[in-house]
Amino acid sequence: MNNPETLRGQVSDAYAKAIQGKGSCCGPSCCSDRQGYAAQVGYAEAETQALPAHAVESTFGCGNPLSFAGVKEGQTVLDLGSGAGLDLLLAAQKVGPTGRVIGVDMTDAMLQAARRNLDRAGVSNVELRKGIIEALPVESGSVDWVISNCVINLSPEKHRVFAEIARVLKPGGQMRVSDLVAQDLPPWAQKMAGLVTACIGGAVTEEKYLQGLREAGLHEVQVVARQHYDSDQVLGLLSGLSPAEAASAASLTPQQVAQSLAGRVWSATFHASKA
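Residues numbered from 1 in each chain as written. Predicted model: local features only at pLDDT ≥ 70, side-chain atom pairs only at ≥ 80, totals over all residues. Heavy atoms only, no water.

Asks: Sorry, what's going on with the environment of Leu111 here?
Replies: Among the structural elements, Leu111 can be located in helix H6 (residues 108-121). Owing to a relative accessible area of 2%, Leu111 belongs among the buried residues under this scheme. As a C-alpha pair, Leu111 and Leu128 span 17 residues in sequence and 7.1 Å in three-dimensional space. In contact with Leu111, not counting residues within four places along its chain, are Asp105, Leu128, Arg129 and Lys130. (Helix = DSSP H or I, 4+ residues; strand = E, 2+ residues; numbered from the N terminus. Buried < 20%, exposed > 50% of the residue type's maximum accessible area, 1.4 Å probe, protein only. Contact = heavy atoms within 4.5 Å.)

Written out as structure tokens, the structure is:
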């Protein structure tokens, strides 16, 4: 079994290649119509039409965590695994010039892409920080909102992430996270490296996710939206799964893997608050 640092390194390498168009990651956006994919996962055209095209086209998320989030002007928003910056830009619009947005990512190529997109958009109320979401480089009790988009499932230490969310939120602060969850995954699916970077292999059940948030001390924990994935959508996630890996792990083709996982994987949007 790989240790957490090894797994984080594999994920970071996969996303560095993905942002350069040389690899795959979470989301069919890696291999299909990326701008159309942003609309599929919940981003309205009115939200994104004025943003840099690269930020919109480089989303690897599975939802829109800022949709109906209630973020207000002057607040501070923290994005876990902020990637190329789409959610950073949207959050920056919501908090306005008196607010602040912080993006944390562990991958240099993603941080560089985000800086370029922020510069193109002329945004000045966003700060990027390099770090891991299990040990956030953020002060305790300093943010009003924590958001994240299809990132926490990639963490090999989710309990640490949930504890960090609770730590950095102000009293009364809230989190809204879109993520992939899975139910009844076959044992072989949890061992395939290509499924981990596709956001499937490391996904936990919805119930376990909710339990982890509650154990971290968060309140009003609930799922506010779901989108179940059919076999074609699952296959879109598997762009980085080689036929050789699928065959060696499960004696299946990638198409058969997708069919086996259909109905067991879905996107859920979680909401919680800190007392």
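Asks: It is not clear to me how the pairing of strand S3 (residues 126-130) should be interpreted in this structure. Could you clarify?
Replies: The side chains of a regular strand alternate, first on one face of the sheet and then on the other. Across five bridges, strand S2 (residues 100-105) lies against S3 in parallel orientation. Across the sheet, Val101 pairs through a bridge with Val126, a residue of S3. Where the polypeptide runs from S2 across H6 and back to S3, its parallel neighbour, the crossover connection is right-handed. (Pairing = 2+ DSSP bridges. Right-handed = clockwise from strand over helix to strand, strands pointing away.)

Asks: Where do I start with the sheet that holds strand S6 (residues 219-228) in this structure?
Replies: Strands sit in the order S3-S2-S1-S4-S5-S7-S6 across an open sheet of seven strands; the sheet is mixed. Of all the strands in the sheet, the pair left with one neighbour each is S3 and S6. Adjacent strand axes in the sheet meet at a mean angle of 15° when their direction is disregarded. Relative to S2, strand S1 (residues 76-80) runs parallel, the two sharing five bridges. Looking at the pairing, Leu78 lines up with Ile102 of S2. With respect to the sheet, helix H9 (residues 206-215) is in contact with strand S5 (169-182), S6 and strand S7 (265-273), its orientation differing from that of S6 by roughly 155°. (Axes fitted to C-alpha atoms, helices over the stretch in contact; angles between N-to-C directions.)

Asks: In this structure, what is going on with the packing of aromatic side chains? I would like to understand it.
Replies: For any pair of aromatic rings, the description consists of the separation of the ring centres together with the inter-plane angle of the planes. Counted under the stated rule, the structure contains two aromatic pairs. With a centroid separation of 4.0 Å and 10° between ring planes, the pair formed by Tyr209 and Phe270 is classed as stacked. Here Tyr209, found in helix H9, pairs with Phe270, found in strand S7; they are 61 residues apart in sequence, far enough to count as distant. Each member of the pair, Tyr209 together with Phe270, is buried. Three or more aromatic residues joined by ring pairs form one cluster here, namely Phe162, Tyr209 and Phe270. (Phe/Tyr/Trp six-rings, centres within 6.5 Å; stacked < 30°, edge-to-face > 60°.)

Asks: Looking at this model, I keep getting lost on the environment of Val95. Mind explaining?
Replies: Relative to the elements of secondary structure, Val95 occurs in helix H5 (residues 86-95). For Val95, a relative accessible area of 0% puts it in the buried group. For the pair Val95 and Gln75, spaced 20 residues apart in sequence, the C-alpha to C-alpha distance is 5.6 Å. Leaving out residues up to four positions away in the same chain, Val95 has contacts with Val71, Lys72, Glu73, Gly74, Gln75, Val77, Arg100, Val101 and Asn125.

Asks: Explain the state of the cysteines to me, please; I cannot follow it from the model alone.
Replies: Scanning all chains against the criterion turns up zero disulfides. Residue Cys62 stays outside any disulfide, its sulfur separated by 3.1 Å from that of Cys150, the closest cysteine. For Cys62, a relative accessible area of 2% gives the class buried. (Disulfide = S-S within 2.5 Å.)

Asks: Which parts of the structure should I look at to understand the pairing of strand S4 (residues 143-149)?
Replies: Where burial is concerned, most of S4 is hidden: seven out of the seven residues are buried. The parallel pair S4 and S5, bridged by helix H7 (residues 158-168), forms a crossover whose chirality is right-handed.

Asks: Explain helix H12 (residues 254-261) to me, please; I cannot follow it from the model alone.
Replies: Note that an α-helix has 3.6 residues per turn; residues three or four places apart therefore point the same way. Of all the positions in H12, only Pro254, Val257, Ala258 and Leu261 are classed as buried. Down the axis of H12, the sector holding all buried residues measures 100°, keeping them to one side. Of the residues trailing H12, Gly263 is marked for its positive phi of about 85°. (Arc of directions from axis to C-beta.)

Asks: Could you clarify how one ought to interpret unusual backbone geometry in this entry?
Replies: Most peptide bonds adopt trans geometry, and most residues besides glycine take a negative phi value. Backbone geometry places Asp184, a non-glycine residue, at a positive phi of 60°. Within the secondary structure, Asp184 sits in the loop between S5 and helix H8 (193-197). For Asp184, a relative accessible area of 57% puts it in the exposed group.

Asks: Can you help me understand the pattern of salt bridges in this one?
Replies: Pairs can form between side chains of opposite charge whenever their charged atoms are close. Enumeration according to the criterion identifies ten salt bridges in this entry. Measuring nitrogen to oxygen at the nearest pair gives 3.9 Å for the salt bridge that ties Glu127 to Arg100. Taken together, the positions of Glu127 in strand S3 and Arg100 in strand S2 put the pair 27 residues apart, joining distant regions of the chain. In this structure Arg100 comes out as partly exposed when scored by relative accessible area, which is 33%. Arg226 is paired through a salt bridge with Glu206; the nearest N and O atoms lie 2.7 Å apart. In this pair, Arg226 sits in strand S6 while Glu206 sits in helix H9, placing the two residues 20 residues apart along the sequence. Here Glu206 falls in the buried class, since its relative accessible area comes to 7%. (Salt bridge = Lys/Arg side-chain N within 4 Å of Asp/Glu carboxyl O.)

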